[in-house]
Each structure stands twice: as C-alpha cells, then as structure tokens.
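Listed here are the chains, written in short residue letters.
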Amino acid sequence: MQFKIITQVQGSVKEVYEQFDKDLLLKLTPPAMKVHLIRYDEPTRPGAIVQIETKILGIIKQYWLNEITEVVETDNESYFVDEGIKLPFPLKFWRHKHLIRKGDSCTEIVDDIQYSAGFLTWLLHPVVWLQFAWRKPQYRKIFGKA
C-alpha cells in the first residue's frame, strides 16, 4: 500500500526541514497514541535510529525500530526516509519519506508512506491514513497555513 498526504505551509524548505526533530515527532502524534522515545538520532545521516514504544489507547504496547536510510538536502527539496527494522504487529514493511519541497508560493510537506501488513493491509489502511491526515492541521498550526 502506498499513499501521499501533501500539506502546504509557510516558510522556506530549509526553515521547515530544520524543524523535523523529536519535538515535532511528539507534536504530530495523535492523542490516542502515547509515544515514548527510547532512542532518537537526529535524521541527518543514513544509519540514524529512531526507536519508540507506543501505547495505543493507553493499553496496547508496541515497539518500533526505524533506520534512516536516505537523506537529501537541496535548496528546492529536502527529505529523509525511515524504514522499519522492527515493526509492531501487524506491520511487515514500513517506508516513510518525509519530503519538504518548494511549491509555487509555499512549501509543501509530503508524507509519502509505503507499508504492508499482509492480508490485513486493507483493514489497516483507514487507521494509517487517518494518523497521517491528522498531521495536516498540526503542520499548519506549527508552520503557518500557506
């Protein structure tokens, strides 16, 4: 399964990209999901690790271990890609490209998600999509609506 969610915000590509850190990750977490950062390497180089423990609805504990596999920074676009190494059930594959690119009169944040959960992929899709759609108003609140 793959989908993209695009949010237009204010600020330059560099200004927006530089704020993609652990504080932003925590602000973008939906209220029904509690996140505890076990390890957070800034996503500035391939090989950086992000390890989190989540609690869904305060009771279902899951662990995620993601590795940053690609980092690109230019004047017109910057991005990093995290890929799942250890994923919570039922995920079997996870790839998230965090792309910030120059738009016509704004900056666009693109969450480009690829994942698989075997035969549960289609059942899981509304939940995964909603989690990232929830980020749109959060991004606009943090960076300003374009």
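These remarks concern the structure in this document. In this text, all values refer to a predicted model and were calculated from it rather than measured experimentally. (Residues numbered from 1 in each chain as written. Predicted model: local features only at pLDDT ≥ 70, side-chain atom pairs only at ≥ 80, totals over all residues. Heavy atoms only, no water.)

## Re the overall build of the chain
Heads up, the condition is: Comment: elements are numbered from the N terminus, with helices defined as DSSP H or I runs of at least four residues and strands as E runs of at least two. Atoms considered for the radius of gyration are the C-alpha atoms alone. The globule rule reads 2.2 Å times the number of residues to the power 0.38. Accessibility here uses a 1.4 Å probe with only protein chains present; expressed as a share of the type maximum, an area under 20% marks a residue as buried, one over 50% as exposed, and anything in between as partly exposed. Residue contacts are counted whenever heavy atoms from the two residues lie within 4.5 Å of one another. By the counting scheme adopted, Arg and Lys are positive, Glu and Asp are negative, and His together with the chain ends is not counted. Charged side chains are reduced to one point each, which is NZ for Lys, CZ for Arg, CG for Asp and CD for Glu.
Each helix and strand in the chain was counted, giving 4 helices and 7 strands. Starting at the N terminus, the α and β elements of the chain follow one another as β-α-α-β-β-β-β-β-β-α-α. Against the 2.2 N^0.38 benchmark of 15 Å for 146 residues, the chain shows a C-alpha radius of gyration of 15 Å, consistent with a compact globule. Here the chain, with 146 residues, has 44% of them falling under the buried criterion. Taking the intrachain contacts of the chain between residues at least 6 apart in sequence as the baseline, contacts between residues at least 24 apart amount to 49%. Within the chain, the 18 negative side-chain charges are centred at a point lying 7 Å from the centre of the 20 positive side-chain charges.

## With respect to the pattern of salt bridges
Test applied: The rule for a salt bridge is simple: a side-chain nitrogen of Lys or Arg has to be within 4 Å of a carboxyl oxygen of Asp or Glu.
Taken as a whole and assessed by the stated rule, the structure comprises 7 salt bridges. In this structure, Glu18 and Lys14 form a salt bridge, with 3.6 Å as the shortest nitrogen-oxygen distance. One salt bridge in this structure joins Arg45 and Asp41, with 3.8 Å as the shortest N-O distance. Linked by salt bridges that have partners in common, Arg39, Asp41 and Arg45 make up one network.

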